[in-house]
Amino acid sequence: MSTTLDLSAANRPQVTPSLAGMTRNQIRDCLVAAGLVDEKKAKMRATQIWRWVYHYGVTDFAAMTDISKELRAALPGHFTLARPRVTERQVSVDGTRKYLIELSPGVECETVFIPGVGRSGALCVSSQVGCTLNCTFCHTGTQALVRNLTAAEIVQQVMIAKDDLGEWPSKLEDRQITNIVFMGMGEPLYNLDNVADAVDVISDGEGIAIGRRRITVSTSGVVPKIEELGARTGTMLAISLHATNDPLRDELVPLNRKYPIAELMDAIRAYPDLSNAKRVTFEYVMLKGVNDSPAEAKALVRLLQGIPSKINLIPFNPWPGSPYECSDWATIERFADIVNKAGYASPIRTPRGRDIFAACGQLRSESVKQRASEKRRLERETGAAS
Ligand code: SAH
Ligand code: SF4
């Protein structure tokens, strides 16, 4: 017997669109397209709704008290304010919070809140589900790319964390999420259009209002997109360097074969507005016996000469089956010492949330694995063939 799947629009379940995550223009266009406001008033209405969505974080149209009763009553017939479902939430003993978010059936991304970074805390967001690049130390790299996230899905990660931290209205004082880092799953520069739209929403002063200088986008080195990132978003740049010579970087970050270190450095120098107030962060994961010698620390300092930089030494976070070990603490300190003496302050990023697998790509893989073993157990119990 064979079955066919009918995917024609008429037979697909209709999903009511959520305004949560949309850009200003999208909100305006949707209101007009739904026939709820006329063109002339659309911008003003969109601005009013924007404040409720992104400053107050409301989840019910009834709360939008400065909007006419008629419009308030009509909106739920066309839109929702829903966020995607959180399928797993874990809180570490050190306050790190990790969310696994279901974007569409079977498509999940992860988001991590890390307290004590920046002025108060940083939210680490994903830009893709999986990654097409295969950095050998990264667990996300072992997962096939499922897809790019939309701008709305990136913004919704911030909204979900703010919901959980009770951070609405989006006040400027005493907030917990002061910084955003694009260091979750995926390569943001392979999804630049959506990253740029998401940055516009997140940084907008009438909403979530996390300034562009407090948003950092990390790349493994997609050279042709680096200057464009700066020009379009005005965000801070982070580079996943991890090695100071091409043969080693070719191995750790295979994208280096396409864009070697010298080209990468030229692209970084061209990043708009670099200064001591706007430095590039260089990430360097400490791998035992691989890239952690004093000679490499000195080479790192030489390589960064003339570039306003910060260095983040990241203790390698092992994952099951990973081909590396984390450098010994003494080795990391010796490396840090050389870098410190060259004028870079406190560069070791303390490991966070290790008890909840808060490293790049790890929660998703852990829970996928748990679910796979759960499935096998059920199959065994029901006698179904696998
Ligand atoms: N794709 C982008 C952003 C996501 S990765 C990039 O590569 O920059 C974010 C950071 O996490 C990168 O610096 C990456 O090197 C680091 N990382 C990945 N796996 C890690 C692990 N197992 N332990 C420590 N850091 C890791
Ligand atoms: Fe992708 Fe970044 Fe992981 Fe490399 S380190 S595989 S670019 S997510």
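Conventions we followed
- Residues numbered from 1 in each chain as written.
- Chains lettered and ligands numbered in written order.
- Predicted model: local features only at pLDDT ≥ 70, side-chain atom pairs only at ≥ 80, totals over all residues.
- Heavy atoms only, no water.
- Helix = DSSP H or I, 4+ residues; strand = E, 2+ residues; numbered from the N terminus.
- Buried < 20%, exposed > 50% of the residue type's maximum accessible area, 1.4 Å probe, protein only.
- Contact = heavy atoms within 4.5 Å.
- Areas by Shrake-Rupley, 256 points an atom, 1.4 Å probe, with all protein chains shown as cover.
- Near = heavy atom within 4 Å.
- Polar contact = N/O pair within 3.5 Å; in protein donor to acceptor, adjacent residues only side chain to side chain.
- Nonpolar A, V, L, I, M, F, W, Y, C, P; charged D, E, K, R; others polar.
- Pairing = 2+ DSSP bridges.
- Right-handed = clockwise from strand over helix to strand, strands pointing away.
- Axes fitted to C-alpha atoms, helices over the stretch in contact; angles between N-to-C directions.

A. View of the overall build of the chain. If you tally the helices and strands in the chain, you get 11 helices and 11 strands. Residues counted as buried form 51% of the 386 residues belonging to the chain. Long-range contacts, defined as pairs at least 24 residues apart, comprise 66% of the intrachain contacts of the chain with a sequence gap of at least 6. Summed over all atoms, the accessible surface of the chain reaches about 17900 Å², with 52% contributed by carbon and sulfur.

B. Quick look at the site of ligand 1. Near ligand 1 you find 21 residues, and of these Gly186, Ser218, Ser240, His242 and Asn317 are the closest. Here a nitrogen atom of ligand 1 and a backbone polar atom of Phe137 are 3.2 Å apart. Measuring from a nitrogen atom of ligand 1, one finds a backbone N or O atom of Gly186 at 2.8 Å. Here ligand 1, which alone exposes 540 Å², has 93% of that area covered by the protein. Listed by contribution, the elements that provide at least two residues to the shell around ligand 1 are strand S8 (215-219), strand S10 (280-286) and strand S11 (309-315). Partitioned by chemical class, the residues of the shell around ligand 1 number 11 nonpolar, 8 polar and 2 charged.

C. Fine view of the pairing of strand S7 (residues 179-182). Of the two faces of S7, the one lined by Asn179 and Val181 and the one lined by Ile180 and Phe182 are each fully buried. Of the strand pairs in this sheet, strand S4 (residues 120-124) and S7 are connected by 3 bridges, and their pairing is parallel. Bridge pairing in S7 places Leu123 opposite Ile180. As defined by bridge partners, S7 adjoins S8 across 3 bridges and the pair is classed as parallel. In the sheet register, Val181 faces S8, and the bridge partner there is Thr216. For the handedness criterion, the β-α-β arrangement of S7, helix H5 (residues 192-203) and S8 is classed as right-handed.

D. The arrangement of the sheet that holds strand S2 (residues 97-104) in detail. Spatially, 9 strands are ordered S1-S2-S3-S4-S7-S8-S9-S10-S11 in an open sheet, and the strand pairing comes out mixed. For this open sheet the edge positions go to strand S1 (85-91) and S11, each flanked by a neighbour on one side alone. Each strand of the sheet is rotated relative to its neighbour by a mean of 20°, with strand direction disregarded. In the sheet, strand S9 (residues 236-240) pairs with S10 via 3 bridges, with the strands oriented parallel. In the strand pairing of S10, Ile239 is matched with Phe282. Along the sheet face, H5 touches S7 and S8 and points at about 160° away from the line of S8. Relative to S11, helix H10 (residues 329-341) is tilted by about 175°, and along the sheet it contacts S10 and S11.

E. Summary view of the environment of Leu248. Looking at where Leu248 falls in the secondary structure, it is placed in helix H7 (residues 246-252). Here Leu248 is in contact with Ala243, Val290, Asn291 and Glu296, once residues within four sequence places are set aside.

F. Fine view of the side chain of Gln157. Structurally, Gln157 can be placed in helix H4 (residues 151-165). If near-sequence neighbours (up to four positions away) are discounted, Gln157 is found in contact with Ile101, Cys109, Glu110, Thr111, Leu123, Val125, Ser126 and Leu149.

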